[in-house]
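# What the coordinates show
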Amino acid sequence: MQEYEQEYEKCTFTIGGSPIGYKILEKRQLAPQVKLIKIYAPDIADKAKAGQFVIVRVDENGERIPLTLADWENNTHAITVVLQEVGVTTRKLGALEPGDMVRNIAGPLGNPSEIKNYGLVGIVCGGVGTAASYPIAKALKEAGNKVVSILGARNKELLILKDEMEKVSDELYISTNDGSEGTKGFVSDVLKSLIQQGYKFNLVYAIGPPLMMKSTAEVTRPEGIKTLVSLNPLMVDGMGMCGACRITINGQTKFACVDGPEFNAHHACFDELIKRLKMYPAEERYAAGFQENQGGKS
Amino acid sequence: MAHVENVKPVLQNRLHAVPSVKVAAKERIHSFQEVALGFTEDEALVEASRCLNCKEPQCVKGCPVSVNIPAFIKLVKEKRYDEAIHEIKEKNSLPAICGRVCPQEEQCQKLCMLGKKGEPVSIGNLERFVADHELEKGIKTPKSVCPTGKRIAIIGSGPAGLTAAAELAKLGHKVVILEALHTAGGVLVYGIPEFRLPKKIVQAEIEYIKKLGVEIRTDALVGRLFTVDELFKRGFHAVFIGTGAGLPKFLGIPGENLGNIYSANEFLIRVNLMKSYKFPSVDTPVHVGKNVAVIGGGNVAMDSARSALRLGAERVTIVYRRSREDMPARREEVLNAEEEGIQFKFLAAPTRFLGDDEQGTVKGLEYITMKLGEPDETGKRTMTPIKGSETVIPVDTVVVAIGRTPNIIIQTITKGLESTNSGIITTEKQTGKTSLEGVYAGGDIATGEATVISAMGTGKRAAQNINDYLKTKTSRLVQETPLSQNKTTS
């Protein structure tokens, strides 16, 4: 490891030459098909801010996919990403072990969250969206906000980062679709009941699957509560070049990578986002079959 | 192949150029192999013998980097190929690329004296011949120069950045290129397709630049990972910005965000940079249906259309709102596209896209027919839509290739760096100097969308001026601590 660190330092700290790869330091299973990975990337760890993401390319034949930064540490020079193994690339990444290399990581990308003292902030998160919410909740808490977090998943097994979220929240509520933990139902229902109970949110963050963000936006819209979402569209370069991540915001086309990834939830066209996320179903299935026939490259 | 091996070409009439051989259209539309084959040695010798070696060569005036064209052609004539490439590389560090993608017909060849009565000398093909000849033999390591101890950061590894880097390295400066993507080359690797510019050629020319001592750091988006200020703090004495025009323009018409509508940038990045033509051996997919429409009339539109054809489209139509004569694409590329069976719809301005409501994918393109009027003050003919002429054509894939604008990440975060409303960095034309001391810019980010060679020209001029600046000025450098020390203390 030390040798690698020295090698890496030669490459990046002097900004000459390219990293030979980014080493995986740690891997943890958070839920079925959900993994947390810590990767050695000092420059990125040094610059990362809440709300930003990285583009990861696993190997020489890999595609570029965006992953939200779930955490970063300056002392270990590591960044943390959480991934759900749904496609070829996330499965490849999930199959890597500590000591293995990720070919390329570009970042931090996207605009950081605007962190200040808003007062009472609601953090509504679903599924792996919790990983993206964690640094935002943490930064908002540090900025003096009262943070009320609502964590949701389809069932108990799929709830992730509960302890971490608890640490950075003043109050934490749980909901599962099947009622296996916390309130039975959706995170947006919990938010609604809190509002009915008299919680006066100054800001709500909704991060998770598009439908969850959409329904949360519909809860806060009539109340006039400022609501932000962090969008997760398909991306290729992640730097404004391709436009794959474009989305209609208040009638205007915006790029999630350079104009976002955070947008006003009440202005975002979620139906468009959902459709654009489904652009490659045939290709995904084909690729997955191909990988299996190849015995799974890594 | 069309090369006839055992018949030696002979010079029959000085006014006729040796024809350059292309792979037959029927054959080439099924693969991404290079279309233009380049000269054989015999062909090159005959073509070189056509050069009049003018006392006052006009061709040189047409070259944005002032290659001594008659001199290198004379060396080709004498079969002194090593010296010929050396002669070119004095002025141009990317000859194998320029020999392929420069619009010579608008530059050097346009001014060739032979062109007045017949066909100009095929300067581009000769340049390609000597460059390829060297690549085949293996590039020699250039002579080492005395290091100056000055460090320069080049942002972006496209034609402007690579040229500036090479020029500065030749002068003994330590140069580091910062590239945001995972591969160096900029538009040469993400934009121009394999069949027009093989990536191994780009790779080889970049290897040459590395041999000059230039280091390339990939995965580094300046503005996010490092800022321009930090580069100075990290010990760089000057910065050159060559970040190109990387943001795609869209039409802004209804339905444009439907699925399977690509910007040309996305389409070409998937195909060229991510090599999705090899899918599923590589992981990046690209969707090409049966009926593809490409909107625009430039080289990027031709590249997109021809790529779509090679990816299995049954019918590819270029939809352009002006007339054939107005197309900014190189004639040669339009001809190539036509030979391959690309169809053209002129005077057709897209008005909206129709979609499949359930899937959210595109299924139709509506355009309105335009009428050309009298030329306006700028000489361009005015256009008016013909009322009621809206037509819908069925499409299942669309590529929007109507131009690109600068990426403004660096401009917005760098205090004091002036740029225009459209994001073009303001520079002094002759020197590439920006509003910040020690910061220079070149290529599309400073000029707006232009050609590879014009970007190289600006990169070269900026390099010369950076060199002058470093000689005369004391640097802005505050302290030269290695960063590893900064790290532990910060």
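Not measured: the values here are computed from a predicted model.

Calculation rules
Residues numbered from 1 in each chain as written. Chains lettered and ligands numbered in written order. Predicted model: local features only at pLDDT ≥ 70, side-chain atom pairs only at ≥ 80, totals over all residues. Heavy atoms only, no water. Buried < 20%, exposed > 50% of the residue type's maximum accessible area, 1.4 Å probe, protein only. Helix = DSSP H or I, 4+ residues; strand = E, 2+ residues; numbered from the N terminus. Pairing = 2+ DSSP bridges. Contact = heavy atoms within 4.5 Å. Axes fitted to C-alpha atoms, helices over the stretch in contact; angles between N-to-C directions. pLDDT = per-residue confidence, 0-100. Buried area = accessible area lost by both parts, 1.4 Å probe. Salt bridge = Lys/Arg side-chain N within 4 Å of Asp/Glu carboxyl O. Polar contact = N/O pair within 3.5 Å; in protein donor to acceptor, adjacent residues only side chain to side chain. Phe/Tyr/Trp six-rings, centres within 6.5 Å; stacked < 30°, edge-to-face > 60°. Lys NZ or Arg CZ within 6 Å of the ring centre and 35° of its normal.

## Digging into the pairing of strand β4 (residues 238–241) of chain B
Residue and element names in this part refer to chain B. Of the two faces of β4, both are covered, the one formed by A238 and F240 as well as the one formed by V239 and I241. When strand β1 (residues 151–155) meets β4, the two strands line up parallel, connected through 4 bridges. Looking at the pairing, A153 lines up with V239 of β4. Of the strand pairs in this sheet, β4 and strand β16 (residues 439–441) are connected by 3 bridges, and their pairing is parallel. Each bridged residue has a counterpart across the sheet, and for F240 the counterpart in β16 is Y440.

## As for unusual backbone geometry
Geometrically, the link from A:G260 to A:P261 is a cis peptide bond, its omega value of 10 degrees lying close to zero. As for its position among the elements, A:P261 is in the loop between α8 (256–259) and β16 (262–264). B:F279 connects to B:P280 through a cis peptide bond whose omega is 5 degrees. Looking at the element boundaries, B:P280 is found in the loop between α13 (264–273) and β7 (291–295). The backbone of B:N53 sits at a positive phi, close to 50 degrees, despite the residue not being glycine. Tracing the chain through its elements places B:N53 in the loop between α2 (41–49) and α3 (58–61).

## With respect to the sheet that holds strand β3 (residues 53–57) of chain A
Residue and element names in this part refer to chain A. Sheet architecture is open: 7 strands sit in the order β6-β1-β2-β5-β4-β3-β7, paired in antiparallel fashion. Both edges of this open sheet fall to β6 (101–102) and β7 (104–109), since each of them pairs with a single strand only. Lying on the sheet, helix α3 (residues 88–95) is in contact with β1 (22–31), β2 (34–40), β3, β4 (64–73), β5 (78–84) and β6; it crosses β5 at an angle near 125 degrees. Across the sheet, helix α4 (residues 129–142) lies against β4 and β5, angled at about 40 degrees from β4, the strand it touches most.

## Topic: the confidence of the model for chain B
Residues and elements named next belong to chain B. Taken over all residues, the pLDDT of chain B has a mean of 91, while the share at 70 or more is 95%. Every residue in residues 475–490 is under pLDDT 50, and counting partners more than four places away or in other chains gives 19 contacts. Prediction confidence for the complex, expressed as pTM and ipTM, is 0.91 and 0.90 respectively.

## A few points about the interface of chain A and chain B
With 60 residues of chain A at the contact, the number on the chain B side is 56 residues. Carbon and sulfur atoms supply 54% of the area that chain A and chain B bury against each other, a total of about 4,600 Å² over both sides. Counting every contact that joins chain A to chain B gives 3 salt bridges. We note a salt bridge from B:R217 to A:D43, for which the minimum N-O separation is 2.6 Å. The tally of links between chain A and chain B comes to 25 residue pairs in polar contact (both at pLDDT 80 or more). When residues of the side of chain A that touches chain B are traced back to their parent elements, those giving at least two are α1 (2–12), α2 (42–47), α3, β7, β14 (246–249), β15 (252–255), α9 (270–277) and α10 (281–293) of chain A. By residue number, the principal contributor to the side of chain A that touches chain B is β7(A), which donates 6 residues.

## Points about the pairing of β15(A)
All names here are of chain A. Direction of pairing for β14 relative to β15: antiparallel, over a ladder of 4 bridges. Its bridge partner being in β15, I247 is matched across the sheet by K254. Taking the residues that link successive antiparallel strands as the turn, the β14-β15 hairpin has 2 residues, and the phi of N250 there is positive, at about 55 degrees.

## Focus: the packing of aromatic side chains
Residue and element names in this part refer to chain B. Following the criterion strictly, the structure yields 8 aromatic pairs over all chains and no others. With centroids separated by 5.3 Å and ring planes inclined at 85 degrees, the aromatic side chains of Y81 and F129 adopt a geometry described as edge-to-face. Taken together, the positions of Y81 in helix α5 (residues 81–89) and F129 in helix α8 (residues 123–137) put the pair 48 residues apart, joining distant regions of the chain. Take Y81 and F129: they sit in the same class, and that class is buried. Cluster of aromatic residues (ring-pair linked, three or more members): F32, F195 and Y277. Lying across the ring of Y208, K89 places its NZ or CZ 3.5 Å from the centre. One residue, R151, lies across the ring of F236, its end atom 4.3 Å from the ring centre.

## A closer look at the sheet that holds strand β12 (residues 203–207) of chain A
Residue and element names in this part refer to chain A. Pairing is mixed in the open sheet, where 7 strands are placed in the order β11-β10-β9-β8-β12-β13-β16. Every other strand in the sheet has two partners, leaving β11 (183–184) and β16 as the edge strands with one partner each. On the sheet, helix α7 (residues 210–220) packs against β8 (120–126), β12 and β13 (227–230) and is oriented at approximately 160 degrees with respect to β12.

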